[in-house]
Structure formats: structure tokens, C-alpha cells
Amino acid sequence: NGPILGEELLRKISEHPCYDKNAQHKYGRIHLAVAPACNIQCNFCVREFDCVNESRPGVTSQVLTPEEALEKTRQILADYPFIKVVAIAGPGDPLANDETFETFELIRNEFPEITLCMSTNGLMLPEKLPEMLRTGVSTLTVTVNAIDPEIQAKIVDHIVYHGKVYKGVEAAKIQIKNQLDGIKAAVDAGIVVKVNTVLIPGINDKHVIEIAKKLNELGVYIMNVMPLITQGAFADLEPPTPEERKAVQEACEPYVMQMRHCRQCRADAYGLLAQDMSQMSEERRKVIKI
Ligand code: CLF
Ligand code: SF4
């Protein structure tokens, strides 16, 4: 299963630390925290922290302007040439912030070889896809936590879509449709799509396999089943055990390749997945070179 990829994309995948487990120890990524706004409210998200769909909540990432993000990229790539991916993964939803595309354009003009990566909740994906293609995004993550609106309605409190607030099943239907239509269109346009699914015991744990079957139909490259981080409205839920998560990944594997090495990075992380240099002291950062 999985999409058929051209030579250029195969190279990019083999140098992408999240898409290829063999790449994780050799190649790194930079996250540029240029996207603070979000257009939905997930029940597991506390908004002072980074987007939990792709990031570990902790201390809030410092938001950068596109120009600051370009300058940061220049400095980091000069020191760490093993970084092959520049991504925008928050702190909010990249597609809810115009700065996302301004930043990608700046990076693209100066570093045409670099892989541009992005993660989103998918609400604006069908509309924003042409802009993503124009700026040259080649790897995309969409967080899909349910394809059944009744289940999704328990996970997302509300969405803001074209200036209007929607709640419950009505909101869920809009978001799921846009996610699935957007994923299909992105795959058809040659973007390599990864899906993140937050495993929430008692809410979507029995349903994740149905998501995997749908991802197979849509030509999604890889799926990342992430454990729930209990906070926000879901603070009282139990996170899944490692064994529960493993069992879900094994059940999904026949339908879509499983990512098992996710580090739930911050929206401003950089370096190898295993050594987020944004969290190291100045002194130590200079020591770590390839
Ligand atoms: Fe970043 Fe995500 Fe691109 Fe990777 S992270 S936008 S695909 S470059 Fe990777 Fe970090 Fe897990 Fe994300 S380990 S949280 S899966
Ligand atoms: Fe939070 Fe991300 Fe959900 Fe937005 S999409 S509410 S930032 S977890």
C-alpha cells in the first residue's frame, strides 16, 4: 500500500527524520514557530502551550516573524548542515496564519534544496492547498482523530470556519470533510502525507483502525498514533499505556505504515529528533556538530 513516489520525493523522504526511521539519527529538522493562531479548540489543548496535535506542550514557544524565522534558519543551517527539513508546526495551526506562507517563500528562495514540511488540523486544507503547492511544501501532516462525526464531536469543542463558530457534530462534519477532501487533493498533487492520530482511551481507541483503513484508500504514506497528553478538558482521562498504543499500531500496520519514533517535539525544536537543540544550553549547542 502507499503512494508511488518520484525520485526527488524518494530522496526527500530518505532524508526526513519523521518519515523514515533510518533517517532520524542522521538528519534533522527545524521548526519555525511563526503560527500562533488556531481556528479550532481541541479538548486536549491548553492554548497557552503549543499545538498538541504535533507538539509536546511545555513552555510556550517564542513566536517569530517570517524575517526572524529566515534569520534563525540561516544560522542553524550554517552550523548544522545535517538539517534537511524546515517545518512549521505551530504553536497554533499553520493554515490559520498568513505568516506560514510568507515564511515558506523566504526559505524557499534562499534554500531551494530544503524540504518544506507542515502540520495542520486540516480545517483549511482544501482552500490553502494551492498556496502550499505554490510555496513548494512537499511533506504534510494532518491530524485526524476520528472520521465519525459523533466521535470527533467529543474531541473538538468548536471550530471557527469562515468567521462562524460551529459546535458538536455540525463542526465535526465540516472538519472531517475538509480533512479527507484535503488529504486526497494533497496526495493527488504529489505531496507526501502523514497523518497523526491522538489515541484517546474510551473515546477513539476502538475507532483508530477505521481511520487507518480510510488512510489506505486515500494514499497516505505513514500514520503516527500518538499517546494522549492529559490536560485541558481531558485532564481527568487516563493516557493509553505503551502496550495499548502498540496494539493499535499493530492493528493499523496492514493498512498504512506506522511511525513509531515520534518525539512529540516543540513548535520551536531543531536538530535531530532525539536531541532537541532548542532545549540545550548555548555552550552545549556549539559542542554538538556532525
Ligand atoms: Fe516537524 Fe512534523 Fe514535519 Fe517532522 S515533527 S512538522 S513531520 S518535521 Fe516528527 Fe516531531 Fe513527531 Fe512531528 S517527531 S512531533 S512527527
Ligand atoms: Fe490546540 Fe493544535 Fe487543536 Fe489548535 S489544532 S486547538 S493549537 S491542539
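Coordinates for the structure precede this section.
All of these numbers come straight from a predicted model, not from anything done at the bench. (Residues numbered from 1 in each chain as written. Chains lettered and ligands numbered in written order. Predicted model: local features only at pLDDT ≥ 70, side-chain atom pairs only at ≥ 80, totals over all residues. Heavy atoms only, no water.)

A word on the environment of Tyr270. Tracing the backbone shows Tyr270 in strand E11 (residues 270–271). Sequence spacing of Tyr270 and Ile30 is 240 residues, and the spatial spacing of their C-alpha atoms is 4.2 Å. (Helix = DSSP H or I, 4+ residues; strand = E, 2+ residues; numbered from the N terminus.)

Glancing now at the sheet that holds strand E10 (residues 257–258). Read across the open sheet, the eight strands follow the order E10-E9-E8-E5-E4-E3-E1-E11; overall the sheet is mixed. Looking at the sheet topology across the chains shown, the edges are occupied by E10 and E11. Bridge count between strand E8 (residues 192–199) and strand E9 (residues 222–227): six bridges; the pairing is parallel. Considered in E9, the bridge of Lys194 is made with Ile222. Sheet strands in contact with helix H2 (residues 66–79) are strand E1 (28–31), strand E3 (83–88) and E11, and its direction is about 160° off that of E1. (Pairing = 2+ DSSP bridges. Contact = heavy atoms within 4.5 Å. Axes fitted to C-alpha atoms, helices over the stretch in contact; angles between N-to-C directions.)

Okay, the site of ligand 2 next. Around ligand 2 sit Cys38, Ile40, Gln41, Cys42, Phe44, Cys45, Cys51, Val52, Asn53, Pro91, Gly92 and Asn121, and that is every residue in its neighbourhood. For the shell around ligand 2, the per-class residue count stands at eight nonpolar, four polar and no charged. (Near = heavy atom within 4 Å. Nonpolar A, V, L, I, M, F, W, Y, C, P; charged D, E, K, R; others polar.)

Take the sheet that holds strand E7 (residues 164–167) next. Ordered in space as E2-E6-E7, the three strands form an open sheet in which the pairing is antiparallel. Each of the sheet's edge strands pairs with one partner strand only, and the pair in question is strand E2 (40–42) and E7. Neighbour-to-neighbour, the strand axes of the sheet open up by a mean angle of 20°, direction not taken into account. Here E2 pairs with strand E6 (residues 156–161) via three bridges, running antiparallel. Bridged to Ile40 within E6 is Ile159.

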